[in-house]
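Survey of secondary and tertiary structure
What follows is each chain in one-letter form.
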Amino acid sequence: MDAVLNEDEAAAYVGGICFKTGPPRRVGVELEWLVRDRSAPSRAVPAGRLEKALAPLWTRGLPGGSRLTREPGGQLEVSSPPGETLAECVATTAADLTVLRNRVRGSGALLYGRGLDPYLSPPRVLEDPRYRAMEAHFDRCGPWGRMMMRATAAVQVSVDAGDDSDGPTGYRHRWRLAHRLGPVLVAAFANSPLWRSRPTGWVSTRQSVWARADPGRTRPPQAHSDPREGWARYALDAELLCLRRDPPAEWTAPPRLSFRAWLKGAHRERPPTRDDLDYHLGTLFPPVRPRGWLELRMIDAQCGDGWIAATAVAATLLDDPKAAETAWSATEPLERDESVWQRAARDGPADPLLGRAVRECVAAAESALSRNDHGGLIHSSVLEFAERYSERGRCPAHDQLDAMRGLDTMRD
């Protein structure tokens, strides 16, 4: 039987497992996709038709080792295995994505790369007790949780936390740099300006929705000199999203019960265990989430193969020493700017400070990739992104807005 925890043990456990140290090297990516009718992207695809097409992938998996899962609103997610290099990660994911796209295409559907469904308010298609409990929790905070669960999609990039040094390869420095880069990545790759076929006033409505769904688990932690201690505080102070029980009991958690309060005996149904804490950590959704590695969750899903540029820019700015040094300098004015995440989601690279940081950071990533992969797929993807978007003060959201005005700039 799993041991019951006290508060000190829980804090020490969180700090220990969420920042595993070692030389930064590996890269992984998770790609979430909306699924739409190929002949009319404003229409959903009947679940039965898609399920038949994907049946072999649920049982056998994808050939390169990526995992295929379904999100609550029917979004599909491809989770790559960690690559020893960025190039390995991209090659494996691209190959597995080709297999998935062919299966989806065979059902008359397509993988639709947008950060927020611009047309529909999808129903929840998963009936797990986890997702019923999530909706019950989020509904206390307004409509944002349902939108987040059912209608959003992202590119999530994972990199090693770093070693135990105090230098640029250390997890303390990389934690700070990841949070500095977060708003820059939101702005650069914003791709969700529409909801129910109308502009929302935000270039990344997805990021705005996530920030409002449940701020205690979706906004960045407060700055702290020790990332482990700061993250443990954030995790224990977050409210329970669900409380697992034996079937047929529901998993709905008592309102406003934090994990810390549960540890202190505020809920007497049963005491929390280490297994409960592990599960709780998986229900926290800040823009940068430590899971032993660092998971960057702030990038909107991209059209077509735009995920390659997004993955490459994020990973290179953290892992390439020269690019990371440039990124650290470029983001210096943003670190203590309390409104920067909101401005990134609302204005994107049109914001003067963010626009300059986007240009400098994307250029630094392109330069680093040019040294190692000149003319290759990854370098070419970032170079094309720079020329099409960041150097012009644009982001992918502007393509959607242009299309509404009759300008043919959309791509899938």
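If you check an unreviewed UniProt entry, the chain appears there as Glutamate--cysteine ligase EgtA from Streptomyces marispadix. Under Function (unreviewed entry), UniProt gives the following word-for-word description of the chain: "Catalyzes the synthesis of gamma-glutamylcysteine (gamma-GC). This compound is used as substrate for the biosynthesis of the low-molecular thiol compound ergothioneine."

With respect to the side chain of R217
When you line up the elements, R217 lands in helix α8 (residues 215–218). With relative accessibility at 0%, the residue R217 sits in the buried group. Residue contacts for R217: discarding those within four places in its chain leaves H137, F138, Y234, E239, L240, L241, H280, T283, L284, F285 and P286.

Observations regarding the layout of surface pockets
There is about 1300 Å³ of room inside the largest pocket. In terms of lining, the largest pocket is formed by 42 residues, of which the most central are P220, P221, Q222, A223 and W341. At 7 residues, helix α6 (residues 171–188) tops the list of elements feeding residues into the lining of the largest pocket. Grouping the amino acids of the lining of the largest pocket by side-chain chemistry returns 18 nonpolar, 12 polar and 12 charged. Within this model, the second largest pocket holds a volume of roughly 870 Å³.

Quick notes on the state of the cysteines
What we call a disulfide is simply a covalent bond connecting the sulfur atoms of a pair of cysteines. Following the criterion strictly, the structure yields 0 disulfides and no others. Of all cysteine sulfurs in the structure, the one in C242 sits closest to C141, which takes part in no disulfide; the separation is 14 Å. What makes C141 partly exposed here is its relative accessible area of 36%. C303 forms no disulfide, and the closest cysteine sulfur to it belongs to C395, at a distance of 11 Å.

Quick notes on helix α4 (residues 129–139)
Residues of α4 that are buried include every one of R130, Y131, A133, M134, E135, H137 and F138, and no others. Turning to α4, the residues buried within the fold contact α5 (144–151), α7 (205–213), α8 and α11 (274–281).

Some remarks on the nonpolar core
Residues L100 and W231 are the most contacted members of the largest nonpolar core, which totals 98 residues. Those residues in contact with W231 that sit more than four places away from it in its chain are V14, C18, F19, W175, P221, L281, L284, P286, R289 and P290. L116, L126, M148 and M149 belong to the second largest nonpolar core, which has 15 residues in total.

Points about the pairing of strand β4 (residues 109–112)
The side chains of a regular strand alternate between both faces of the sheet. The alternating pattern of β4 places A109 and L111 and L110 and Y112 on opposite faces, both of which are buried. As judged from the 4 bridges shared by strand β1 (residues 27–37) and β4, these two strands associate in the antiparallel manner. Across the sheet, R36 pairs through a bridge with L110, a residue of β4.

Quick word on the packing of helix α12 (residues 306–319) against helix α13 (residues 321–330)
Close contact between α12 and α13 brings their axes to 5 Å; oriented N to C, the two are set at 95°. With respect to α13, the element α12 is oriented roughly perpendicular. Across from T316, L317, L318 and D319 in α12, the residues of α13 making contact are P321, A323, A324 and A327. Broken down by class, the residue content of the contact of α12 with α13 amounts to 6 nonpolar, 1 polar and 1 charged.

Let's talk about the pattern of salt bridges
Applying the stated criterion across every chain, the model contains 41 salt bridges. For R244, the salt bridge is made with D275, and the minimal N-O distance between the two is 3.1 Å. With R244 in the loop between α9 (227–237) and α10 (259–263) and D275 in helix α11, the pair connects residues that are 31 residues apart, well separated along the chain. Residue R244 is classed as partly exposed on the basis of its relative accessible area, which comes to 23%. Residues R346 and D347 are paired through a salt bridge, measuring 3.0 Å at the closest nitrogen-oxygen approach. With a relative accessible area of 31%, R346 lands in the partly exposed category.

Focus: the packing of aromatic side chains
Under the criterion given, the structure shown has 10 aromatic pairs. Between F259 and W262, the aromatic rings sit 5.4 Å apart at their centres with planes inclined by 75°, giving edge-to-face as the arrangement. Of this pair, F259 and W262 both sit in helix α10, 3 residues apart, which is roughly one turn of the helix. In terms of burial, F259 and W262 fall into one category: buried. Ring pairing ties together the aromatic residues F19, Y171, W175, W231 and Y234, which thus form one cluster. A cation sits over an aromatic face here: R180 above W328, 3.7 Å from the ring centre.

Procedures and definitions
Residues numbered from 1 in each chain as written. Predicted model: local features only at pLDDT ≥ 70, side-chain atom pairs only at ≥ 80, totals over all residues. Heavy atoms only, no water. UniProt positions renumbered as here; feature names shortened; annotations may be inferred. Helix = DSSP H or I, 4+ residues; strand = E, 2+ residues; numbered from the N terminus. Buried < 20%, exposed > 50% of the residue type's maximum accessible area, 1.4 Å probe, protein only. Contact = heavy atoms within 4.5 Å. 1 Å grid on protein atoms, 1.4 Å probe; cavity = no way out; pocket = protein on both sides within 12 Å on 5 of 7 lines; lining within 4 Å. Points joined across faces, edges and corners; volume = space filled by probe spheres on them. Nonpolar A, V, L, I, M, F, W, Y, C, P; charged D, E, K, R; others polar. Disulfide = S-S within 2.5 Å. Core = buried A, V, L, I, M, F, W, Y, C linked by side-chain atoms within 4.5 Å. Pairing = 2+ DSSP bridges. Axes fitted to C-alpha atoms, helices over the stretch in contact; angles between N-to-C directions. Parallel < 35°, antiparallel > 145°, perpendicular 65-115°, else oblique. Salt bridge = Lys/Arg side-chain N within 4 Å of Asp/Glu carboxyl O. Phe/Tyr/Trp six-rings, centres within 6.5 Å; stacked < 30°, edge-to-face > 60°. Lys NZ or Arg CZ within 6 Å of the ring centre and 35° of its normal.

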